[in-house]
Structures are given as C-alpha cells and as structure tokens.
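Summary of the model geometry
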Amino acid sequence: MEWLEIFDISLFRSLIRSATPIALIGFGAAMCSASGVLNIGLEGKMLNAAFVGIAASYYSGSALTGFIWGVSAGVLTAILFGFLSFNLGADEVLVGLAINIFSIAGTRYLLETLFKRRGFFSDPSIQGIDPITFDFLVDTRFEKIFSGYTPSIYLVFFLAIVLYLVYYKTRLGTAIRATGENPEAAEDAGINTLRMKWLTVVFSGVLAGIGGTFLSLENMTLFTEGMSAGKGYIGLVASSFGNNTPLGTFGASLFFGLGDAIGIRLQGVYELDSRLILMVPYALTVVVLILIGIRQRIRVRPVPIPEQ
Amino acid sequence: MTQKNIETAVEVKNITKSYPGVTANDSVDFKVLKGEIHALVGENGAGKSTLVKILYGIEQPDSGEIFINDKSVEINKVDKAIELGIGMVHQEFHLVPSFTAAENIGLGQEPRNSRGFIDWDKLNSEVSNIAKKYGLDVDPKLRMIDASVGIQQRTEILKTLYRNANILILDEPTAVLTPQETDELFEVIRSLVDEGKTVIFITHKLREVMEISDRVTVMRDGKVQGVSDTKNTSPEELAKLMVGREVFMQVEKEKAKPTEKVLEVKNLWVHDARGLLAVKNFSLDVHKGEIVGIAGVDGNGQTELVEALSGLRPTSKGEVIFDGKNIESFSPRKRRRAGLAHVPEDRANTGLNLKLDIWENLVGTSYFRSPLSKGGIISMKNVVDHSNNLREKFDIRTPGVFVRTGSLSGGNQQKVVIARELSEDPLLTIASQPTRGVDIGNIEAIHKQLIEIRDSGKAVLLVSAELDEVMSVADRVAVIYEGEIVEWVNPKDVDQQQMGLYMAGIKD
C-alpha cells in the first residue's frame, strides 16, 4: 500500500502549515459570528495585510516592521468594516463583499504603481519571519514534530486554548455569546452589545492581519496577486462547520489543512495534474458545506407519526 | 394589606413623553408604596408601557421627576435602574435560548474565582438558593430551549432577584399562562411581597387586578384616570375608566343556526419548523352559520394548524376537505379563490406589509383580477375606488389610502387585514388571534363583524388565546393542548376553572 506512506511527519508539518491561515481566519470569524456579525470581509483584510506586510518589510528591511504594518492593515480594514456596518448602518454582507473586491483591485494597483510589477513581487531585500527552533528539542524524537515552525503556527495552538477558556469560562465569553443569540437579553444584563461586536470585529482584523503576514512573510517571502486565494472564505466555512466554537473551528481548520496536505503529497506519488491539486481546498469547501447542510437537515428530521 | 408606616417605593411626578404624533405620557403622576402589589391597567396604547420603560431607563421622559425610595433620581439607562433596585420582566422574554437558567440569570454578573474564570458551581448553587427562598421552582441547569413558558417566566423573575431588585415590574405576565400557571405566579408574587419586595403588575385583565393587587392605577390616552385601593373599586368601574365609556363585557348574539358542512378536517398531523409534531390526529368540522372556536394557551399547535389549513405549511398526514373538495394540493391563492379567507395571527409580518401603502395591502390578494387589473396592468382608478369602498365599509381610520400601513394604530391595521380578507365574501374565515394588540373599542367592532359573517350564513373558525374572547364569540369551542383536542365545550355550560384544567391538558 504505497499510498499509506504519505502519512508521515512531513505530511503532518504540511498539514499544520496549511491549516494555520484558515484557523486564524476561522477564529476571528467564529468570534464575529458568536456576537452576531457575519464577517465576509476577512478575505480582503487578509490580502491587504499580506501586501502591506511585504511592502513594509521591503522598505524597512525588518521582518518585525513588516509584521506590525501588516497587522495594522488588517485592523484598519476591520475598522472600516465596523464603521460602515455599525456606524453607517450598511448591510454587513455587502460591506464585506465590497472590502474583498476593493482589496483585490487595491493591492494590484499598488503592486503596479509602487513596485512596477504585475502578478507577483519578490525581492532579496524583503525580510521574512524566521522559524523558531527549540534548542532543547534538537536531536530528540520530538524535534521534527514540534520544532522549527514560524511563530503564527505556535500562536494558533495557543489561541485555540485561550479562546476556549474565554468562550466558556469568562464573563467576556458569555457576553459575546449572549450578544449574538439574544441582543435584548444581553442589553438587559447591562452588556454593551455594540461594544462586543466592535471587539470581535477588531479581533478578527488582528487575526486576519496575522494570517496575511503569514502568507507573505512566513510561509513564503513574496506577494502574488490575490494570494489569499479564498482562505478568508474557507475560514468562514471552518467556523461554521465548527459551530462557531474555538475548538470546533480549530478541528475544522485541521481538516482543511489535512485535505490540502494530502493533495500536495499525492501529486508527488501519482504525478497528478497540479491544477487538479490546487482545486482540493475548494472542492473540500463544497463538501463541507454539503455536510453542514446535511447536519441541519438531520437536526430537523421530522418526528414519525405514530401508527393508530 | 395594610401598612403601618407607609413609605414610597416609586413616585413619578408630572412625567411627559411625546413621540412624533402622539403624547404617550401626558403629565403622569404615579405612586407605588413599599411592599404593595400595584396594578397598572389600561388599554393598548394607554401609555403603561411607556411609563415603565421610563422607570427602567429604556426611554427618557421629556419632562418630569422620578423618586425612588423618596430620593430624586435620573434613570438614563438600564444599568442605573438595576443599580436602584428596579427589575423588569418583559412581555417577550429576554432569554438566551442555548443558555441554562443559571447562565441566563447570572449573565453579566457571574461569580468569578481568583483566576478570573466564572465559577459555574457557585452560580448554580446561588440560583438554587434564591429559587428556594421565593418558592420559584427552577432547575439551574435546564436550558431555556427545553423550558416551558412558565419556567422561562420564573427564570426572568429570578434574573431580577439575582440582581437584588426590590421593585419588580411585571409587564403583562399572565398573557402567556394558563389559569393554573397564573395562580402559581400569583403565589410567587405574594411570597415576593412577604419578603419585602414591591411589585408593579401591568395587565388589562380586570379579574386579575381584583385578585392580586392592593392598589390600582388606571391609564387612558397617556393620562392617569384614577388611583384607588382595589377593595374600594369594581371591575365595572375600572373598565369604565379604561375605556372612557360603559362597556358591555358580554357580546350580544343570537343562537347559531348551523347548516351544511363547509370544512372537514380528518385526522390531521402537522410538523413544526423543528420537525416536531405540532398537530396530532386533529379532527374538526365547521358548518355554515356557526363560529367554531379553538381555545388554548399559545404555542399548543394553533399556529401550525392554521398555517396548514391556509396552505402555508404542508400537512404530514390526514385530510382537509373544504366545500366538498380535498384542498391538500391547493396553493394559498387557490384556497382563497375557493372561498377560504385567513386573518393571520402575526399581523405585522404575515398579515400586512407595513412598509406599503394601505391600498396596496387592501388589494394584495386580488390586484391581478378584473376589474382591478386589465390585461396585466393595474387599473389605478378601480383599485383606488375599491380601496376607498373598503376603507369606508370597514371604518379604517386614516387620512387616505395612500398612507403607509405601518403608521396606523394596531386596531386600524387589523381592520385593513379584515377588510381585505372579507372583501371577497369568503365561505369560511379563519381568524387567528384577531384582536391581539387591538384596543377595546376595535375589539368590540371585530367581534361584531365575526358574528355578522356567521349571521349571513358563512362560517368562522376563531383561534384565540384570549379565553374571554373565544368563550363569548364562538358557538362551540375545542380546547387544544399539545396539538390535540382535549375537549369540545359549549361556552355557556363551562366555567373558567374547568376551562383552565382543559387548557392544561387535564381531562376529568
């Protein structure tokens, strides 16, 4: 069974790398959804962050500066989303779509005007974010599993635990969930629901920012047009598949990462058409959406009528 | 109850609050003594809700003063009201469905341990203790999705007690309860007062005022009409103050003369949106010349039954024969065409489009037919004439038919629905909660209309959670409980107590 051989440590590492941006977006989307905000604009936030991150790194020659600027771009896009939706009362979904479309066009425009490039941008002076190696793990059997990832990957595991605690065990978590499920009950309890929504939206902007810089400064050190490539939407699906809970979203993200990683590996084994492999995450998204639909259908399965 | 040294819990002086076009509260003075049960009564739109919203910090008055425990206060937000010891149980419950009772009760104020995490065990035991102290039977770990209406209401009351409320405002708390549940609620209210709480009880049911309250304030048209000790007044006197004229609490009608059968429902089963069985093995006949009533507490399958009959929800099993035809495959429009009219329970969402003008709603079921349309184009002249005729015939109070329907009062909106439904002279009118949110004057008019339909030889199926309404308007009444008919009754031969038992599903 040669195909079984693909299940090894490098598959695991590839899985984790693929799952990271999806989980970052997914956590933000889950928190937004829990507070009653359907945040479709995460794709655009991520793309803006990826571009601004690489531009800042190029001009400053510092990975940290690139990271900070990238995250700021995610946050600013999130503030724009909140301002249009909450302050001006525009439809959340339309605002999200507008941000996504604007970000594709905006980053392409800046790519051409600032760097005189089309399609993609890469330069030796761009500083990427380096992986972290744990010296105490070197030459142990755990080295290959736990060591040598970039910071965002460790952050995702950390966030899964922290968000779980916040979600279920703090006043903030219950306040966010109450805001999404019954805003009147929340207001009644003295919770400022608008503040909760702002909080989750800005938080999702921070994570989308980190996700964006992960794509352009960590995973690779380059920017390509539309490099977020639907990960913002896949993250949204992951949060929905995970019932908008932290651990559920995390699990769903790992599932997407697994699909992606298996696809890449099978390419090596069977010499599949690479374009087919590139389709895997999106095909998987459709499969998951079907599963979500089936799950809802099962939930309302009609009670049988008793025989007389 | 007599108080030795009388102190004031709430005093409101000269409160005025206007909305565009209406003065909801007009120089209102209102005083509640410590430790009393004070009933605040009035029709819909009398200004009760506005007054308590001002007390609870949801609305701000244009002018006037508020005193809590004899201290002048400004209640500019809900937090402030809670801080002052005021608690409110809203008519529509404000509960988070997936949260447990304790999670709802503690929301925003959950006890925390030294690490800043919520101490759920402590919260659960705190809730149990308060529940026990006031005789409110609630399991702290029960999710609100799974709780009955009565338990949800008790959870709401516990929510205010957990926040140390001393003054409890209950907004129409009995509207959703069976008579037995109402009695239980009254027990709870009495034990609250025994523990030193003050209760403001809003209602329009005078029987309850007489039973539970120490004093009563009557409002009408935004003004206070009178205040008195309950024992010194009578339902008749209160009704007169509420309406501003003598009211006939009994509907005048002749004996019914039923003729041929128009609707036959045979062993009908209907599922609700969650896939649960809402209507179970339901059978009933309606004849021309009679009004058949369906009584029962809200949420016992009435909604699904009416939706199934009017074609808005599929039936799962059983037959619906209307005017000799099996109408199962008929669309709502085809059912209308066959002579079946439907006055839906949810006027604002199902019955009307409030954003449209009155004329648009009036012709919503018939605009496509001659003479309202010719060759696919609406004839405005005929539509306007038709609308104006209906407006006159059904006494819809509006400056004109080119007015947004949402700007009308609840009673006039309902008249628009009824005018539209009756405009095609239906064989059977299904009227679901036809007087919900309608003022007493218009309730009388609607009841008369239903009886007129009957006397003209047509049929009416009246579904209502208002026991007094079904019992006084209908000729025979089926009591529904959990989707099944508990008993058929003749309204003349049955008393409130017996009806209460049937409505709770108890059959001797």
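**Regarding empty space enclosed by the protein**
As enumerated under the stated definition, the model contains four cavities of 30 Å³ or more in all. In this structure, the largest cavity spans a volume of roughly 100 Å³. What lines the largest cavity is simply A:Asp188, B:Tyr56, B:Ile82, B:Ile86, B:Gly87, B:Met88, B:Glu156, B:Lys159, B:Thr160, B:Arg163 and B:Ala165. Counting only elements with at least two residues in the lining of the largest cavity, the list comes to strand 6 (86-89) and helix 5 (149-162) of chain B. A per-class count over the lining of the largest cavity returns five nonpolar, two polar and four charged.

**Focus: the environment of B:Gly57**
All names here are of chain B. With respect to the helices, strands and loops of the structure, Gly 57 is situated in the loop between helix 1 (48-55) and strand 4 (63-68). Residues Gly 57 and Lys 80, 23 residues apart in the sequence, show an inter-C-alpha distance of 7.1 Å. The residues contacting Gly 57, other than those within four sequence positions of it, are Ile 75, Asn 76, Lys 77, Val 78 and Ala 81.

**Let's talk about the domain arrangement of chain B**
Many structure descriptions define interface size as the accessible area lost when the parts assemble. Residue and element names in this part refer to chain B. Once the domains are mapped, chain B shows domain 1 (8-243) and domain 2 (261-356 + 408-503). A separation of 32 Å is found between the C-alpha centroids of domain 1 and domain 2. Contacts between the two partners involve twelve residues from domain 1 and, on the opposite side, twelve residues from domain 2. Both faces combined, the contact of domain 1 with domain 2 buries some 930 Å², and carbon together with sulfur accounts for 55% of it. Joining domain 1 to domain 2, the criterion identifies zero salt bridges.

**Thoughts on the interface of chain A and chain B**
The partner chain B presents 33 residues to the 27 residues of chain A that form the contact. Taking both partners together, chain A and chain B bury about 2,400 Å²; carbon and sulfur atoms supply 57% of that area. For chain A, the biggest contributors to the area lost against chain B are A:Arg171, A:Asp188 and A:Ile305; these three give 29% of the whole. Scanning the region where chain A abuts chain B turns up one salt bridge. The residue B:Glu110 makes a salt bridge to A:Arg171 at a minimum N-O spacing of 3.9 Å. Along the contact surface separating chain A from chain B lie eight residue pairs in polar contact (both at pLDDT 80 or more). Looking at the side of chain A that touches chain B, the elements with two or more residues in it are helix 6 (151-169), helix 7 (171-181) and helix 8 (183-188) of chain A. When residues of the side of chain A that touches chain B are assigned to their parent elements, the largest contribution, six residues, is made by helix 7 of chain A.

**A closer look at the pairing of strand 1 (residues 8-19) of chain B**
Residues and elements named next belong to chain B. As paired strands, strand 1 and strand 2 (residues 22-33) are joined by eight bridges and run antiparallel to one another. Among the inter-strand pairings, Tyr 19 is bridged to a residue of strand 2, identified as Val 22. Alignment of strand 1 against strand 4, held across five bridges, turns out to be antiparallel. What sits directly across from Val 10, in strand 4, is Ile 68.

**Some details on the sheet that holds strand 7 (residues 167-171) of chain B**
In a beta sheet, neighbouring strands are held together by backbone hydrogen bonds and run either parallel or antiparallel to one another. Residue and element names in this part refer to chain B. With mixed pairing, six strands are arranged side by side in an open sheet as 6-7-8-3-9-10. Edge strands, defined here as strands with exactly one partner in the open sheet, are strand 6 and strand 10 (223-229). Across the sheet, the mean angle from the axis of one strand to that of its neighbour is 20°, orientation sign disregarded. By the bridge criterion, five bridges tie strand 3 (residues 37-41) to strand 8 (residues 198-203) in an arrangement that is parallel. Within strand 8, the position partnered with Leu 40 by the bridge is Ile 202. Docked against the sheet, helix 6 (residues 179-194) engages strand 3, strand 7 and strand 8, running at close to 150° with respect to strand 8. Lying over the sheet, helix 8 (residues 235-243) contacts strand 3, strand 9 (215-220) and strand 10, oriented at roughly 30° with respect to strand 9.

**So, the environment of B:Val224**
All names here are of chain B. Residue position: Val 224 is located in strand 10. The class of Val 224 is partly exposed, set by a relative accessible area of 26%. Separated by 183 residues in the primary sequence, Val 224 and Val 41 place their C-alpha atoms 9.8 Å from one another. Every residue in contact with Val 224, bar those within four places of it in the chain, is listed here: Val 28, Asp 29, Thr 217, Val 218 and Met 219.

**Quick look at the confidence of the model for chain B**
Mean pLDDT over chain B stands at 89; residues scoring 70 or higher make up 97%. Scored as a complex, the prediction yields pTM 0.76 and ipTM 0.82.

**Section: the pairing of strand 3 of chain B**
Residues and elements named next belong to chain B. Counted residue by residue, strand 3 has five buried out of five residues, so it is predominantly covered. As paired elements, strand 3 and strand 9 share four bridges and run parallel to each other. Among the inter-strand pairings, Leu 40 is bridged to a residue of strand 9, identified as Thr 217.

**Some points on the nonpolar core**
Residue and element names in this part refer to chain B. If you look at the biggest cluster of nonpolar residues, it comprises 39 residues, and the most contacted ones within it are Ile 291, Leu 450, Val 477 and Met 499. Tallying contributions element by element places helix 14 (residues 410-422) first for this core, with five residues. Sequence-distant contacts of Met 499, that is, excluding residues within four places in its chain, are made with Ala 295, Leu 467, Met 471, Val 477, Val 479, Val 489 and Val 494. Ranked by size, the runner-up nonpolar core spans 35 residues in total, among them Tyr 162, Leu 170, Leu 185 and Ile 189.

**Description of helix 15 (residues 440-455) of chain B**
Residues and elements named next belong to chain B. Compared with the 22 Å implied by 1.5 Å per residue over 16 residues, the 23 Å span of helix 15 between its first and last C-alpha is a close match. Among all positions of helix 15, only Asn 442, Ile 446, His 447, Gln 449, Leu 450, Ile 451, Ile 453 and Arg 454 are buried. In this fold, the buried residues of helix 15 make contact with strand 13 (291-295), helix 14, strand 19 (428-432), strand 20 (459-464) and helix 16 (467-473). At the C-terminal side of helix 15, Gly 457 shows a positive phi close to 90°.

**A look at unusual backbone geometry**
Backbone torsion omega between B:Ser370 and B:Pro371 reads 5°, so that peptide bond is classified as cis. Looking at the element boundaries, B:Pro371 is found in the loop between helix 12 (358-362) and strand 17 (373-374). Despite not being glycine, A:Ala229 shows a phi value in the positive range, around 45°. Assignment of secondary structure puts A:Ala229 in the loop between strand 2 (223-224) and helix 10 (231-241). Owing to a relative accessible area of 29%, A:Ala229 belongs among the partly exposed residues under this scheme.

**With respect to a nonpolar patch on the surface**
The grouping of A:Val286, A:Val287, A:Ile290, A:Leu291, A:Ile294 and A:Ile298 at the surface amounts to a nonpolar patch, some 510 Å² of accessible area in total. Positionally, A:Leu291 belongs in helix 13 (residues 280-299).

**Looking at the packing of aromatic side chains**
Residues and elements named next belong to chain A. The tally for this structure, following the rule as stated, stands at 20 aromatic pairs over all chains. A centroid spacing of 6.4 Å and a plane angle of 50° characterise the contact between Phe 241 and Phe 255, whose relative ring orientation is tilted. Taken together, the residues span a long stretch of sequence, with Phe 241 in helix 10 and Phe 255 in helix 11 (residues 246-270) at a distance of 14 residues. Its relative accessible area of 23% is what places Phe 241 among the partly exposed residues.

**Some thoughts on the packing of helix 6 of chain A against helix 9 (residues 193-219) of chain A**
For any two helices packed against each other, the geometry is given by the interaxial angle and the distance between the axes. Residues and elements named next belong to chain A. Where helix 6 meets helix 9, the closest approach of the two axes is 10 Å, and the angle between their N-to-C directions is 155°. Relative to helix 9, the element helix 6 is oriented roughly antiparallel. In terms of crossing hand, the pair formed by helix 6 and helix 9 is left-handed. Contacts between helix 6 and helix 9 involve Pro 151, Ser 152, Ile 153, Leu 155, Leu 159 and Leu 163 on the former and, on the latter, Phe 203, Leu 207, Ile 210, Phe 214 and Glu 218. A class-by-class count of the residues in the contact of helix 6 with helix 9 yields nine nonpolar, one polar and one charged.

What counts and what doesn't
- Residues numbered from 1 in each chain as written.
- Chains lettered and ligands numbered in written order.
- Predicted model: local features only at pLDDT ≥ 70, side-chain atom pairs only at ≥ 80, totals over all residues.
- Heavy atoms only, no water.
- 1 Å grid on protein atoms, 1.4 Å probe; cavity = no way out; pocket = protein on both sides within 12 Å on 5 of 7 lines; lining within 4 Å.
- Points joined across faces, edges and corners; volume = space filled by probe spheres on them.
- Helix = DSSP H or I, 4+ residues; strand = E, 2+ residues; numbered from the N terminus.
- Nonpolar A, V, L, I, M, F, W, Y, C, P; charged D, E, K, R; others polar.
- Contact = heavy atoms within 4.5 Å.
- Domains from an automatic or database assignment.
- Buried area = accessible area lost by both parts, 1.4 Å probe.
- Salt bridge = Lys/Arg side-chain N within 4 Å of Asp/Glu carboxyl O.
- Polar contact = N/O pair within 3.5 Å; in protein donor to acceptor, adjacent residues only side chain to side chain.
- Pairing = 2+ DSSP bridges.
- Axes fitted to C-alpha atoms, helices over the stretch in contact; angles between N-to-C directions.
- Buried < 20%, exposed > 50% of the residue type's maximum accessible area, 1.4 Å probe, protein only.
- pLDDT = per-residue confidence, 0-100.
- Core = buried A, V, L, I, M, F, W, Y, C linked by side-chain atoms within 4.5 Å.
- Expected span 1.5 Å × (residues − 1).
- Patch = residues over 30% accessible without salt bridge, like charges linked within 9 Å, V, L, I, M, F, W, Y side chains within 5 Å.
- Areas by Shrake-Rupley, 256 points an atom, 1.4 Å probe, with all protein chains shown as cover.
- Phe/Tyr/Trp six-rings, centres within 6.5 Å; stacked < 30°, edge-to-face > 60°.
- Parallel < 35°, antiparallel > 145°, perpendicular 65-115°, else oblique.
- Left-handed = near helix turned anticlockwise from the far one by under 90°.

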